[in-house]
Every structure is written in C-alpha cells, then in structure tokens.
Amino acid sequence: MAFRKEPPFTHGKAGKTAIVLVNLGTPDAPTTKAVRSYLKQFLSDPRVVEIPRALWWLILHGVILPFRSSKSAHKYASIWSNEGSPLKVHTSKQAILLRGYLGQRGHQVQVAYAMRYGSPSIPEVLEQLKADGCERILVLPAYPQYSATTTASIYDAVFAHYAQVRNVPELRFIKHYHDHEAYIQALKESVLAYWAMHGTPDKLIMSFHGVPKRTLLLGDPYHCECQKTARLLAQQLGLGPEQYQLTFQSRFGKAEWLQPYTAPTLQKLAKQGVGRVDVMCPGFTSDCLETLEEIAIEAKQDFLRAGGKEFHFIACLNQAPAWIAGMASLAEEHLIGWPTTESEREELKQQAEASRQQAMRLGASQ
Ligand SMILES: C=CC1=C(C)c2cc3[nH]c(cc4nc(cc5[nH]c(cc1n2)c(C)c5CCC(=O)O)C(CCC(=O)O)=C4C)c(C)c3C=C
Ligand SMILES: [Fe+2]
Ligand SMILES: [Fe+2]
C-alpha cells in the first residue's frame, strides 16, 4: 500500500486539539434499504459477531439481512423524530454542548462526533479534523462500560484509518468510565429528578445492552463493569438489594447472552405482584432504538400484559446538564498535558523558549 501525499499541517492552524465523541451509529433513514446497509456494516464487524467468517457471511446474507431489515425499519420508524434518528440527534447535541461547556472553562478544543457504523464515519471525521489542523485527538466513546464488541471496535476503526495516513496526530483514548464519579452522579441526578416528579417505584431496573455470554468467558470485562455501575448507582441512591435489579436486554441470535434478560425478568416481577417498575438504561448515554422501542414500548407491554400496574421509563442522560459537565470532567482528565487553555499555551511557549536558551548556552560553552 502506498501512502498518499499529504499537505503539511499549516502554520497558524497547527497545534489544535480535538475531542471526538464516538457512538455506535444508526441508519440514515427508517427504511428497509437504509437499515439493511447499516446492519450489513455493523454485523460484518468481526468484533461484534465472533463466529467463523464464511459461516457468518452465509447467515448474515442469507437470513439476517433479508428478514431483519424491514422488521427493524418499522421499529426505527416508530421512534424516528423530526430531527432524525434519536441516537444521532442526541450525540450531535452532546458534542455541541460539550464544546460550549469546555469553552466556558477556557479550553480551546474542537469537539466532533462520529459513528462507528454509518455516518458521519470515523475516517470522514478524522480527515476533517486533520484538514482543520488538529494535531491532538482525544477519542471519547459513548459507552461507559468497556466491551471489545463496542469500545475496541472504535479503536480498530481509528487505527485502521491512521494506518493509511503519513502524518498521524497524537492520540488518546478513553477506555471506560463505568465507575467515574461524574457519570454516576449524572445518573443519580436523572433518577432523583424523575422520582421527584413521578414518585418512587417498587423496583428500579437497570437494563444494560447484553453481549454473548461467551465473550465474558473469553475475558471481556463488560459484565463486571455493568455490575459495578449498578452497585455504585444503587449505593448513591441509597437502595437496598431488594429495591433494584440489573438486567441485560437486546439479545440477538440463538446463543446464550448475559443473564438475567430484561423482558422475562419484568414478566416474572409482574407475576410476583411487583406493581410499579422504573426502568433505566445506564449503559446507553443517548436514547436510541434499544431504549425507546425495546424498553419504553415493548418491555412496557410485556410488563403490563403480565399483570404489572405501572411501568416508567427513565430517559438516558442525553443532554442532561450534569452529563455535559460529566463528559467535560472526563475529557479534562484526559487532556492533561495537552495545551488547551491560553495560560497553558503561554506557559508552554515560555518553557520552550527557556529550553532553547539553555540549549544555546550549553552549545556555546562546549
Ligand atoms: C450482534 C450482536 C450485537 C452485540 C454484541 C451488540 C453489542 C452492543 N450494542 C450496543 C449498543 C447498541 N446496539 C444497538 C442496536 C443493535 N445492536 C445489535 C446487535 C449487537 N449489539 C443490533 C442487531 C442492533 C440493531 C437494531 C436491530 O435491528 O434490532 C443500538 C441502537 C442503535 C440505534 O440506531 O438506535 C445501540 C446504542 C452496546 C452498548 C453493546 C455492547 C456492550
Ligand atoms: Fe447492540
Ligand atoms: Fe433491540
């Protein structure tokens, strides 16, 4: 492979820092064609589906894409907003608000958002940041809990892009923030705000996206990180073990996934006489198909049909001020040493000048 000719980082523009908020991705439209193309890219990622490629190709192209695309398109249509796919709308707004918040705190950083699958793609966004003169990039995945299926796949896409680039910027990645104080605090505030308006439930369900159980057995820390998030949030809310439960949703395919599954758990609770459940999805930082359709519509029906009385869905963090502040504090921790404020730039300039003078003196004395 030959590397392309690239313009040098231009003077004046050079030295900028950017944060890229990366989320999973979503179809461009709630249509069978758009969903098929999105699912094809998503489900062809070997990080997401770990079965032998040739076999999986046959299943994906022979069964999943032909049958699932139109079903999923209908589901997307039920949650699509005037502005577009909720996942993308929330992620793009978070990026704008994060930039504004960091700007108020004196950081001159660009904040972009990218999607692992679909658009705007990671390569497209990284190209644009290069054109804008960004020499330092901090990648902030939208996933608080690390999983090879999601977070590591973002790393793969970033590395794959730069594998074709000559002048690669300085790079940092946030791995996870499942136990970060600011994230837990933002979750706590969102639950308390909801309860202040609507009263409290008999049980709080914390429903996380599942992954195949096999990934846990192979060493993926996702399961443990979800447990820790749930435990810390319950502690913050002062909930005893009887007052909350962690579950896993969005099972896909025939294999066993992490248990307990959300929908059967809700049905069981209803049958046991639990009247009101509140369901939240702490692993999703933006509402999306999996929260707005699978939980707020489908799981609600499951619970009520099984005899439950009241089902409440607590929205994801989305544009909550505590979460924008939380992302900013996460970013600030990972920006340490990168000059993003006026005073840091000035200090760096002075240090560089002092080093240069010392080098001159040493050179002259030899
Ligand atoms: C095939 C296996 C899948 C794994 C493993 C998986 C892990 C995983 N996913 C998320 C977050 C999201 N997933 C979303 C949708 C979605 N997920 C899968 C499959 C796997 N996910 C499919 C097939 C779909 C598409 C929807 C459908 O057809 O039912 C979404 C929502 C996207 C949107 O547009 O709104 C999110 C977000 C995590 C965090 C995760 C592992 C930890
Ligand atoms: Fe998923
Ligand atoms: Fe789903």
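Residues numbered from 1 in each chain as written. Chains lettered and ligands numbered in written order. Predicted model: local features only at pLDDT ≥ 70, side-chain atom pairs only at ≥ 80, totals over all residues. Heavy atoms only, no water.

Draft legend 1. Spotlight on the sheet that holds strand β6 (residues 244-249). The strand order across the open sheet formed by four strands is β6-β5-β7-β8, and the pairing between neighbours is parallel. Strand pairing shows two members of the sheet lacking a second neighbour, β6 and β8 (310-314), which therefore form its edges. Neighbour-to-neighbour, the strand axes of this sheet turn through a mean angle of 25°, independent of strand direction. As judged from the four bridges shared by strand β5 (residues 203-209) and strand β7 (residues 276-280), these two strands associate in the parallel manner. Note on β7: the bridge partner recorded for L204 is D278. Here helix α11 (residues 294-305) sits on the sheet in contact with β5, β6, β7 and β8, set at roughly 165° to β8. (Pairing = 2+ DSSP bridges. Helix = DSSP H or I, 4+ residues; strand = E, 2+ residues; numbered from the N terminus. Axes fitted to C-alpha atoms, helices over the stretch in contact; angles between N-to-C directions. Contact = heavy atoms within 4.5 Å.)

Draft legend 2. Structural view of the side chain of S250. Within the secondary structure, S250 sits in the loop between β6 and α9 (262-271). For S250, a relative accessible area of 10% puts it in the buried group. Among the polar contacts listed, one links the side chain of S250 to the side chain of Q249, at a separation of 3.3 Å. Among residues more than four places away in sequence, those in contact with S250 are H209, W257, E290 and E294. (Buried < 20%, exposed > 50% of the residue type's maximum accessible area, 1.4 Å probe, protein only. Polar contact = N/O pair within 3.5 Å; in protein donor to acceptor, adjacent residues only side chain to side chain.)

Draft legend 3. A look at the sheet that holds strand β4 (residues 170-173). Pairing within the open sheet is parallel, and its four strands lie in the order β2-β1-β3-β4. For this open sheet the edge positions go to β2 (109-117) and β4, each flanked by a neighbour on one side alone. Within the sheet, the average angular offset between the axes of one strand and its neighbour, ignoring direction, is 25°. In terms of strand pairing, strand β1 (residues 16-25) meets β2 through eight bridges, oriented parallel. Paired with L21 across the bridge in β2 is Y113.

Draft legend 4. A look at the packing of aromatic side chains. On inspection of all chains with the given rule, the structure shows 11 aromatic pairs. Note on Y38 and F42: the rings are 5.7 Å apart at their centroids and 45° apart in plane angle, and the pair reads as tilted. Of this pair, Y38 and F42 both sit in helix α1 (residues 32-43), separated by four residues, roughly a single helical turn. Given the relative accessible area of 4%, Y38 is considered buried. Residue F42 is classed as buried on the basis of its relative accessible area, which comes to 17%. One residue, R172, lies across the ring of W338, its end atom 4.1 Å from the ring centre. Note that K175 overlies the ring of Y146, its terminal NZ or CZ placed 4.7 Å from the centroid. (Phe/Tyr/Trp six-rings, centres within 6.5 Å; stacked < 30°, edge-to-face > 60°. Lys NZ or Arg CZ within 6 Å of the ring centre and 35° of its normal.)

Draft legend 5. Region of interest: the UniProt feature "binding site: Fe(2+)" (unreviewed entry) in the protein chain. Within the UniProt annotation, "binding site: Fe(2+)" (unreviewed entry) is assigned to H209 and E290. The greatest C-alpha distance among the residues just named is 8.0 Å, despite their covering 82 residues of sequence, which places them together in space. Within the element layout of this structure, H209 appears in strand β5. In this structure H209 touches Y222, F248, Q249, S250, W257, F284 and E290, once residues within four positions along its chain are discounted. Every residue in contact with E290, bar those within four places of it in the chain, is listed here: H209, Q249, S250, F284 and I295. Looking at E290, its side chain comes within polar contact range of the side chain of S250, at 2.8 Å. (UniProt positions renumbered as here; feature names shortened; annotations may be inferred.)

Draft legend 6. Focus on the site of ligand 1. The full set close to ligand 1 counts 26 residues, and T26, R68, S72, Y76 and L289 are the nearest of them. Contacts to ligand 1 include R68, whose side-chain N or O atom sits 2.7 Å from an oxygen atom. Side-chain polar atom of H209 to a nitrogen atom of ligand 1: 3.0 Å apart, as the coordinates give it. Against a free-state accessible area of 810 Å², the protein chains account for coverage of 96% of ligand 1. The leading source of residues in the shell around ligand 1 is α1, at four residues. Looking at the shell around ligand 1 residue by residue, the classes come out as 17 nonpolar, seven polar and two charged. Counting contributing residues per domain, the shell around ligand 1 is built from domain 1 (16-178 + 321-340) and domain 2 (181-313), each supplying no fewer than three. (Near = heavy atom within 4 Å. Areas by Shrake-Rupley, 256 points an atom, 1.4 Å probe, with all protein chains shown as cover. Nonpolar A, V, L, I, M, F, W, Y, C, P; charged D, E, K, R; others polar. Domains from an automatic or database assignment.)

Draft legend 7. Focus on the domain arrangement of the protein chain. According to the domain assignment, the protein chain contains domain 1 (16-178 + 321-340) and domain 2 (181-313). Just the C-alpha atoms count here: the centres of domain 1 and domain 2 sit 23 Å apart. Facing 29 residues of domain 1, the contacting portion of domain 2 comprises 29 residues. At the boundary of domain 1 with domain 2, total buried surface from both sides reaches about 2,400 Å², with 63% on carbon and sulfur atoms. Between domain 1 and domain 2 we count one salt bridge in total. The residue K75 makes a salt bridge to E298 at a minimum N-O spacing of 3.5 Å. Taken together, the links from domain 1 to domain 2 amount to 13 residue pairs in polar contact (both at pLDDT 80 or more). At the level of elements, α2 (53-79), α3 (86-104) and α12 (321-335) are the ones that each hand at least two residues to the side of domain 1 that touches domain 2. Counting residues per element, the side of domain 1 that touches domain 2 draws most heavily on α2, at seven residues. (Buried area = accessible area lost by both parts, 1.4 Å probe. Salt bridge = Lys/Arg side-chain N within 4 Å of Asp/Glu carboxyl O.)

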